[in-house]
Amino acid sequence: MSASGSRTPSFLSRSSTPLLRDFVHDIMKHFKHEKESEAHQIFRDRAGHQPRGVLPETVNPDEETVPGIEHPGSTGVIYCSDRAMANGFSYNTSHEWANLGQGAPEVGPIPNAPDRPDSVSLPVGSLEYAPTTGVKALREAVANLYNQTYRQGKSSQYTYENVCIVPGGRSGLSRVAAVVSDVYCSYQIPDYTAYDQVLSAFKRLVPVPTALDPKRKYRLDIEQTRRDVQSQGLSVIIASNPRNPTGQVIAGKDLKELVSLSREGTTLILDEFYSWYIYHDHDKDRGKSVSSAEYVEDVDTDSIVIIDGLTKNWRLPGWRVCWVIGPKNLITALSQSGSFLDGGANHPLQLAAIPLLDPARVAVERLALQSHFKTKRDHVLKRLRAMHLDVDIPPQATFYIWLNLEKLPSPINNGLTFFEELLKEKTIVIPGIFFDINPAHRRNLFNSPCHHFVRLSFGPPLEELDRGLDAIEKVVRTARKEGTKGLGHSYKKSLDSASDHHI
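These numbers were taken from a predicted model, which means no experiment stands behind them.

About the thresholds
Residues numbered from 1 in each chain as written. Predicted model: local features only at pLDDT ≥ 70, side-chain atom pairs only at ≥ 80, totals over all residues. Heavy atoms only, no water. Helix = DSSP H or I, 4+ residues; strand = E, 2+ residues; numbered from the N terminus. Buried < 20%, exposed > 50% of the residue type's maximum accessible area, 1.4 Å probe, protein only. Contact = heavy atoms within 4.5 Å. Areas by Shrake-Rupley, 256 points an atom, 1.4 Å probe, with all protein chains shown as cover. Pairing = 2+ DSSP bridges. Salt bridge = Lys/Arg side-chain N within 4 Å of Asp/Glu carboxyl O. Core = buried A, V, L, I, M, F, W, Y, C linked by side-chain atoms within 4.5 Å. pLDDT = per-residue confidence, 0-100. Phe/Tyr/Trp six-rings, centres within 6.5 Å; stacked < 30°, edge-to-face > 60°. Lys NZ or Arg CZ within 6 Å of the ring centre and 35° of its normal.

Colleague: What is the right way to read the overall build of the chain from this model?
Modeller: Along the chain, the regular secondary structure elements total 13 helices and twelve strands. Residue burial in the chain is summarised as follows: out of 503 residues, 54% are buried. Contacts in the chain between residues far apart in sequence, at least 24 positions, make up 78% of those at least 6 positions apart. Total accessible area on the chain stands at roughly 22600 Å², and carbon and sulfur atoms take up 51% of it.

Colleague: In this structure, what is going on with the sheet that holds strand 9 (residues 400-404)? I would like to understand it.
Modeller: Two pairing modes exist for strands in a sheet, parallel and antiparallel, and in both the strands are linked by backbone hydrogen bonds. Sheet architecture is open: three strands sit in the order 9-12-11, paired in antiparallel fashion. The open sheet has two edge strands with one neighbour each: strand 9 and strand 11 (430-431). Where strand 11 meets strand 12 (residues 453-457), two bridges bridge the pair, whose relative direction is antiparallel. Bridge pairing in strand 12 places Pro-431 opposite Val-454.

Colleague: Please clarify how the pattern of salt bridges should be interpreted in this entry.
Modeller: A side chain of one charge can pair with a side chain of the opposite charge if their charged atoms are brought near each other. This model, assessed by the stated rule, comprises 25 salt bridges. Its salt-bridge partner being Lys-284, residue Asp-285 comes within 3.4 Å of it at the nearest N-O pair. Residue Lys-284 is classed as exposed on the basis of its relative accessible area, which comes to 65%. Ionic pairing is found between Asp-285 and Lys-288, a salt bridge with its closest N-O pair at 3.2 Å. A residue is classified by how much of its surface remains accessible, and Asp-285, at 13% relative accessible area, is buried. Where salt bridges share partners, they join Glu-223, Arg-226, Glu-257 and Glu-264 into one cluster.

Colleague: I'm lost on the nonpolar core in this one. Help?
Modeller: Where a protein is soluble and globular, its nonpolar side chains tend to be buried together. One finds Trp-314, Trp-323, Leu-357, Leu-384 and Ile-472 to be the most contacted residues of the largest nonpolar core, which totals 140 residues. Ignoring any residue separated from it by four or fewer positions in sequence, one finds Ile-472 in contact with Leu-100, Met-387, Leu-389, Phe-418, Leu-422 and Leu-456.

Colleague: Would you mind going over the confidence of the model for the chain with me for this structure?
Modeller: Regions with low pLDDT should not have their predicted coordinates read in detail. When pLDDT is averaged along the chain, the result is 88; 87% of the residues meet or exceed 70. Below a pLDDT of 50 lies the segment residues 1-18, which in the model reaches 27 contacts outside its immediate sequence neighbourhood of four places, other chains included. Residue range residues 25-32 is modelled with pLDDT below 50. Its contacts to residues more than four positions away, or to other chains, number eight contacts.

Colleague: What is the right way to look at unusual backbone geometry in this model?
Modeller: With an omega of 0 degrees, the peptide bond running from Asn-241 to Pro-242 counts as cis. Examined against the element boundaries, Pro-242 turns out to sit in the loop between strand 5 (234-240) and helix 8 (252-260). One non-glycine residue, Lys-217, lies in positive phi territory at about 60 degrees. You can see Lys-217 is positioned in the loop between strand 4 (205-211) and helix 7 (222-232). Although it is not a glycine, Ser-490 sits at a positive phi angle of roughly 65 degrees. Mapped onto the elements, Ser-490 comes out in the segment after helix 13 (462-481).

Colleague: Could you clarify how one ought to interpret the pairing of strand 2 (residues 163-166) in this entry?
Modeller: On a regular strand, each side chain points to the face opposite its neighbour's, so the side chains alternate between the two faces of the sheet. Of the two faces of strand 2, the one carrying Val-163 and Ile-165 and the one carrying Cys-164 and Val-166 are both buried. Across four bridges, the pairing between strand 2 and strand 8 (residues 322-325) is antiparallel. By the bridge assignment, Val-163 is partnered in strand 8 with Ile-325.

Colleague: Got a minute to help me understand the packing of aromatic side chains in this structure?
Modeller: Summed over the entire model, instances satisfying the criterion amount to 20 aromatic pairs. Ring geometry for Phe-43 against Phe-434: centres 5.7 Å apart, planes inclined by 75 degrees, an arrangement best described as edge-to-face. In this pair, Phe-43 sits in helix 2 (residues 38-45) while Phe-434 sits in the loop between strand 11 and strand 12, placing the two residues 391 residues apart along the sequence. In this structure, Phe-43 and Phe-434 share a single accessibility class: buried. Between Tyr-274 and Tyr-277, the ring centres sit 6.3 Å apart and the planes meet at 65 degrees, which makes this aromatic pair edge-to-face. On the basis of relative accessibility, which here comes to 4%, the residue Tyr-274 falls in the buried class. The structure contains a cluster of three or more aromatic residues connected by ring pairs, namely Tyr-274, Tyr-277, Phe-373, Phe-399 and Tyr-400. The ring of Tyr-160 is capped by Lys-136, whose NZ or CZ atom sits 4.8 Å from the centre of that ring. The positively charged end of Lys-376 is found above the aromatic ring belonging to Phe-373, 4.0 Å away from the centroid.

Printed below as a string of structure tokens:
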């Protein structure tokens, strides 16, 4: 079947075709479980979250009231933030909450790091639009940093023409997706929640899933991927590395082999936003980061697309200054897609970012970050072990812990119910189902390989982490010692049902 022809539905395999009645039977077998769970019903009642592919398929007239408009569904952080607001969370009360869900690091000072930026200059020229590819001086600074960090001694070097500045990582991903033609696109489960929306919105990308095996520590099998490229005609592979939410990382020989696929007719889109958050076992490796840029042979012919920025590594999520690195021909295409998608990144903040990319400053920042976040990771893991919540696969990278709840008593042994119980304790986590990249929205929740997981972030400051861990300990202790009769129900459904908090 050609990529431009009729698509294989996501519940069918190209190697085997189960009967439709088997698929429908499987859906109906689990449907009663969702009906019996208040947390799951709240999720399903959200616009864009109804299952698809179940016959008969209907449109909720209260949800889709504008002709031609369809809700795409929420990313995990947005859904969880809205649910927290229904339970009284607001920016005015955020100090009372523990947000272990937000995918952002703490932004204040940390030990031994350079001073945080506290002002931004506004020269008259910066009040104009910036080019859609970004300010040239910043593009040069990005190229220089990558050459200094990953490409010393290599004949092929990045220049500003290999860099496009974008207003955030999702914008970079959307620009790239907008210029991809009708192709099969491989993605992994679990992975970053926004990929679901991208693969749903950009219809020319035909999604082909690969479920990563927890028994293999969610490791991407490079040789199997190579065989899939050849047998399935994969033209694009999209992945986060380091991996969100599992905290694993593709590095060394495996990363080199993955990059080599770009020289075999496949484009690799690699989200490298956590490239500094590496927790080394040996002191000699402290301060080292990971990037596919190290293994690119020719920056203009190897089809490697890197997305990164100030958001995570520099701990500046509010700046929305990020970049895409790749062959020159890709950058000219991204300039065109940016002209109608987002118009470009903030001009003054692009100028303010230039000195932050000085390699000497970056080396100090990276070392301080790894030391500080490794301490927080070890603290959280220790507290979870004390609760007998052992983490099956501790994170080697990122600032996330992929926590398996299966051994907890029902109903808090699934991510959605555990999440709702923690909202009662003013704590936010992200249910694992949001990392089940399921663009067709056909898989029911109880069948998801991510259903029994939550993602915990150790991005916030230590005192906030402890508030959240105290809440987790309270919920788990209640379930184990007092039973679960009081759990799994009595959730606030909306802002209107929240108490007298003003959002």
